[in-house]
Amino acid sequence: CDSVKAAGGVLIDADAHGVESTSMDNVLIYWFMGGTALTLRAQNGGIIAFSRFVDVKIRHAQSGILLSADEDSVCNSNAFVGFTVWGGIDEYGLKAEGPGPCNMNTFYACEIEPSATELAHVYVTGSKTNVRLLDVRLEGTAMSELDKPLVIIDDSSYGNVMTGSIGHTNIKYDANRNPGVDL
């Protein structure tokens, strides 16, 4: 298995149309070392919203979860409950990006805990982008040795809410634009 580099796992692609109320329960997404394990992508005026992901586990992937909306699209109000990203995750655990509205995507009682990631465990960027991480556990035992933050909230992002525990390093964010961050 070490030489297998699958390009990606699950892609939910709202390309010029709406994707609503997708549901995924009790799924293991495993060994996508050549790509992203789970992608929610809105493009060309597409909308992805009101989806629910419960007890989904991602283990060993180049990247964990990508939430993305281009300028004319929306990726919002999706819920992740009991979600876990762990094992060998190379690039990031969770990345949320604009430039379109990619907001109010909420993670409840989730864990993101690879030993180390190249970018960050959680990376949020875009002036219309935010995430809600509620009662989450973020851990990266090798991140302090690399002198890297577990969470990076780009200065363009606003209104992020994060509660829970963080282990072995720090976060980088503008507290004035993200007063709900309490890790």
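Residues numbered from 1 in each chain as written. Predicted model: local features only at pLDDT ≥ 70, side-chain atom pairs only at ≥ 80, totals over all residues. Heavy atoms only, no water.

1. Regarding the overall build of the protein
For the protein, the helix and strand inventory stands at one helix and 17 strands. In summary, the protein has a C-alpha radius of gyration of 15 Å against a globular reference of 16 Å for 183 residues, a match within 12%. Each principal axis of the C-alpha distribution contributes one length, and for the protein these read about 45 × 45 × 25 Å. In the protein, buried positions account for 49% of the 183 residues. Within the structure as shown, the protein displays about 7800 Å² of accessible surface, and the carbon and sulfur contribution to it stands at 49%. (Helix = DSSP H or I, 4+ residues; strand = E, 2+ residues; numbered from the N terminus. Rg over C-alpha atoms; globule rule 2.2 N^0.38 Å. Buried < 20%, exposed > 50% of the residue type's maximum accessible area, 1.4 Å probe, protein only. Areas by Shrake-Rupley, 256 points an atom, 1.4 Å probe, with all protein chains shown as cover.)

2. Remarks on the pattern of salt bridges
Pairing between side chains becomes possible if they bear opposite charge and their charged atoms approach one another. Within the structure shown, the criterion is met by six salt bridges. In this structure, the salt-bridge partner of Lys-128 is Glu-71, at a minimum N-O distance of 3.4 Å. One end of the pair, Lys-128, is in the loop between strand E12 (120–125) and strand E13 (129–139); the other, Glu-71, is in the loop between strand E5 (52–69) and strand E6 (74–76), and 57 residues separate them in sequence. On the basis of relative accessible area, Lys-128 is assigned to the partly exposed category, the value being 34%. The salt bridge involving Glu-139 is made with Arg-137; its shortest N-O contact spans 2.2 Å. (Salt bridge = Lys/Arg side-chain N within 4 Å of Asp/Glu carboxyl O.)

3. Considering the packing of aromatic side chains
Enumeration over the complete set of coordinates arrives at five aromatic pairs. On the numbers, 5.4 Å between centres and 80 degrees between planes, the contact of Phe-80 with Phe-83 is edge-to-face. Ring-pair connections join several aromatic residues into one group, and the members of that group are Phe-53, Phe-80, Phe-83 and Phe-107. Positioned above the aromatic ring of Trp-86, the side-chain terminus of Arg-59 is 3.9 Å from the ring centre. (Phe/Tyr/Trp six-rings, centres within 6.5 Å; stacked < 30°, edge-to-face > 60°. Lys NZ or Arg CZ within 6 Å of the ring centre and 35° of its normal.)

4. Points about the pairing of strand E15 (residues 161–167)
Relative to E15, E13 is paired through six bridges, and the arrangement is parallel. Each residue of the ladder has a partner; that of Val-136, found in E15, is Gly-164. (Pairing = 2+ DSSP bridges.)

5. Some remarks on the sheet that holds strand E2 (residues 18–20)
Within the open sheet, the three strands sit side by side as E2-E4-E6. Their pairing is parallel. In this open sheet, the two strands that pair with only one neighbour each are E2 and E6. Pairs of neighbouring strands in the sheet enclose a mean axial angle of 5 degrees, with direction left out of account. (Axes fitted to C-alpha atoms, helices over the stretch in contact; angles between N-to-C directions.)

6. Details of the nonpolar core
The biggest cluster of nonpolar side chains holds 41 residues, and the ones touching the most others in it are Leu-38, Ile-58, Leu-67 and Phe-83. Every residue in contact with Ile-58, bar those within four places of it in the chain, is listed here: Ile-29, Ala-37, Leu-38, Gly-64, Ile-65, Phe-83, Thr-84, Val-85, Trp-86 and Ile-89. (Core = buried A, V, L, I, M, F, W, Y, C linked by side-chain atoms within 4.5 Å. Contact = heavy atoms within 4.5 Å.)

7. Some points on the pairing of E13
With eight of eleven residues buried, E13 lies mostly within the body of the structure. Bridge count for strand E11 (residues 111–112) against E13 is two bridges, and the pairing is parallel. Note that in E13 the partner of Ile-112 across the bridge is Leu-138.

8. Quick word on unusual backbone geometry
The amide bond that connects Gly-98 to the next residue, Pro-99, takes the cis arrangement and shows omega of 25 degrees. When you line up the elements, Pro-99 lands in the loop between strand E9 (92–97) and strand E10 (102–108). Although it is not a glycine, Asn-44 adopts a positive phi angle of roughly 55 degrees. Structurally, the position occupied by Asn-44 is in the loop between strand E3 (23–43) and strand E4 (47–49). The backbone of His-60 shows a phi angle near 60 degrees, a positive value even though the residue is not glycine. Mapped onto the elements, His-60 comes out in strand E5.

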